[in-house]
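Letter by letter, the chains look like this.
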Amino acid sequence: MKRLYFILFALLIVPFLSTSAQSTADGTYTVVIDAYDWGPGVNKVIVPKPNTEDRLSHNDFEVKVERSKENVEMRSGEAEGIRKVLYAYPSNADGDRDENGLFTTLVLLVAPNDALSSPIKYYRSSNGRSSNQWIDYELNVTYVPSGTTWNKEGRRIIPDLDIFELNGSFSHKNIDLTYASFTPEGDGSFPLIIWLHGGGEGGTDPSIPLIANKATNYASKEIQEIFKGAYVLAPQTPTFWMQSASGEYTRGDTNDIYNEALMALIKEFVKNNPKIDSDRLYIGGCSNGGYMSLKLLLNHPDYFAAGYISALAYHNEYISDEQLNSIKNIPIWFVHSKDDTTTIPEETVIPLYERLIEVGAPNVHLSLYNHVIDLNGMYGGEDYHFPGHWSWIYSHDNDADFDYNGRPVLINDRPLTIMEWLAQQHK
């Protein structure tokens, strides 16, 4: 009889239990990912407003994360842990502040040395290549006072990527390339900014070349205003731009296998977008992409209006005097860091720049930094040093504004940043 009473009591009381027990099993959240200088970061999570009359505090929430990928080893401290909640505010479902909103947005700490905040990881995949890839990123959000839990991702917002078309594909002579693109609003003609990724962003997901090192910024409001609107094209190689026919790296000593297909892709994209101004085609990239940018300039010196190249991987010794003279009249702005141990400036950009100046190049510049620092000052400013290879940060952030001699780069006596200068170049 006691057992029967207990069952009846349980059946009666379940409907009146707090929603926390029910939402633990099926609660969903929305995750927000922003692009940072060092890569993407999960900086917000949006949950339905807890059923409470009390004023919500960020201290009332606990956010746990698990990062994983099948057959990928996670180091200690990067597989799981607690995400620090900085503050909370009432919002709508998209995370926009709304005092009467039905949702709560939690702002999370993101930092360059905080692996738990990153939804990607650099690892070696089944094809033997190491590259940045998206990983499984699972949050468990708890409203501590009631125990209400949200543990399933229902939606993902990536503002920096959501403005791009990410499904581009192109084939040329058995070479398959993927690409992302951005189309500006408005009528008239627009320049084209081409960005070529580094060696760690190869694959078949064009979102990676954009967000792994903030190349999304070329479509940002600030840079778009400089160009009065510009197309952005970000091609992606399935492996790496510097791959030779043997499968090994070339540094300019032998031909790579991708430059012909890439050039065909660029020409096809220009043809299919008649609002592109063919006199304002700008080619740039970092490391592997810096190599390929220079390669295309050498192979097609009359096609592009200018180049902007960071962490150049093309070795100067493999550029002949004839090739040098073919590009001396192309406006080029190089960006590099003295402490780059991957693309050593004394082997790549410095001797090339000096040779171009010696043959009378009228519009070639080199911003050579001591270090790659935290530009926004949130993580130490000048005292925080990213790896020296990451000089593309100065290009993406439109920070480069000086020449090899330390003086400003001028047009009509006005000092310019690298993107302001690029926007002034025409064929």
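This text goes with the structure placed above it.
Procedures and definitions
Residues numbered from 1 in each chain as written. Predicted model: local features only at pLDDT ≥ 70, side-chain atom pairs only at ≥ 80, totals over all residues. Heavy atoms only, no water. Buried < 20%, exposed > 50% of the residue type's maximum accessible area, 1.4 Å probe, protein only. Helix = DSSP H or I, 4+ residues; strand = E, 2+ residues; numbered from the N terminus. Pairing = 2+ DSSP bridges. Axes fitted to C-alpha atoms, helices over the stretch in contact; angles between N-to-C directions. Contact = heavy atoms within 4.5 Å. Core = buried A, V, L, I, M, F, W, Y, C linked by side-chain atoms within 4.5 Å. Phe/Tyr/Trp six-rings, centres within 6.5 Å; stacked < 30°, edge-to-face > 60°.

**Q** Outline the pairing of strand β8 (residues 130-134), supporting the account with residue identities and numerical values.
**A** For β8, the buried fraction is high: 4 of the 5 residues fall into the buried class. Here 5 bridges tie strand β7 (residues 120-124) to β8, and the two strands are oriented antiparallel to one another. Along β8, the bridge assignment pairs Y122 with N132.

**Q** Provide a residue-level description of the sheet that holds strand β9 (residues 136-143), including the pertinent values.
**A** Here we have 4 strands laid out as an open sheet, ordered β4-β3-β9-β10, and antiparallel in their pairing. In this open sheet, the two strands that pair with only one neighbour each are β4 (80-83) and β10 (148-150). When the angles between neighbouring strand axes are averaged without regard to direction, this sheet yields 20°. By the bridge criterion, 8 bridges tie strand β3 (residues 61-68) to β9 in an arrangement that is antiparallel. Looking at the pairing, R67 lines up with Y137 of β9.

**Q** Lay out helix α9 (residues 349-358) in plain terms, naming residues and giving numbers.
**A** The element α9 is extensively covered by neighbouring structure, given that 7 of its 10 residues are classed as buried. Along its buried surface, α9 packs onto α7 (288-299), α8 (321-327), β18 (332-337) and β19 (364-369). One or two residues past the end of α9 sits G360, with phi positive at roughly 90°.

**Q** An account of the nonpolar core is needed here, citing residue identities and associated values.
**A** Membership of the largest hydrophobic core comes to 69 residues, with the highest contact counts inside it found for L139, V141, Y218, F227 and Y308. Grouped together as the second largest cluster of nonpolar side chains are 52 residues, I283, Y291, L324 and I332 included.

**Q** Give a detailed account of the packing of aromatic side chains, specifying residues and quantitative values.
**A** Under the defined criterion, the tally for this structure stands at 24 aromatic pairs. Between the aromatic rings of Y291 and Y314, the centroid separation amounts to 5.0 Å while the plane-to-plane angle is 20°, which identifies the pairing as stacked. Linking Y291 in helix α7 with Y314 in the loop between β17 (306-310) and α8, this pair joins segments that are 23 residues apart in sequence. A single burial state applies to Y291 and to Y314, both of which are buried. These aromatic residues form a ring-pair network of at least three members: Y36, W38, Y379, Y384, F386, W390 and W392.

Taken by themselves, the reported measurements are silent on function.
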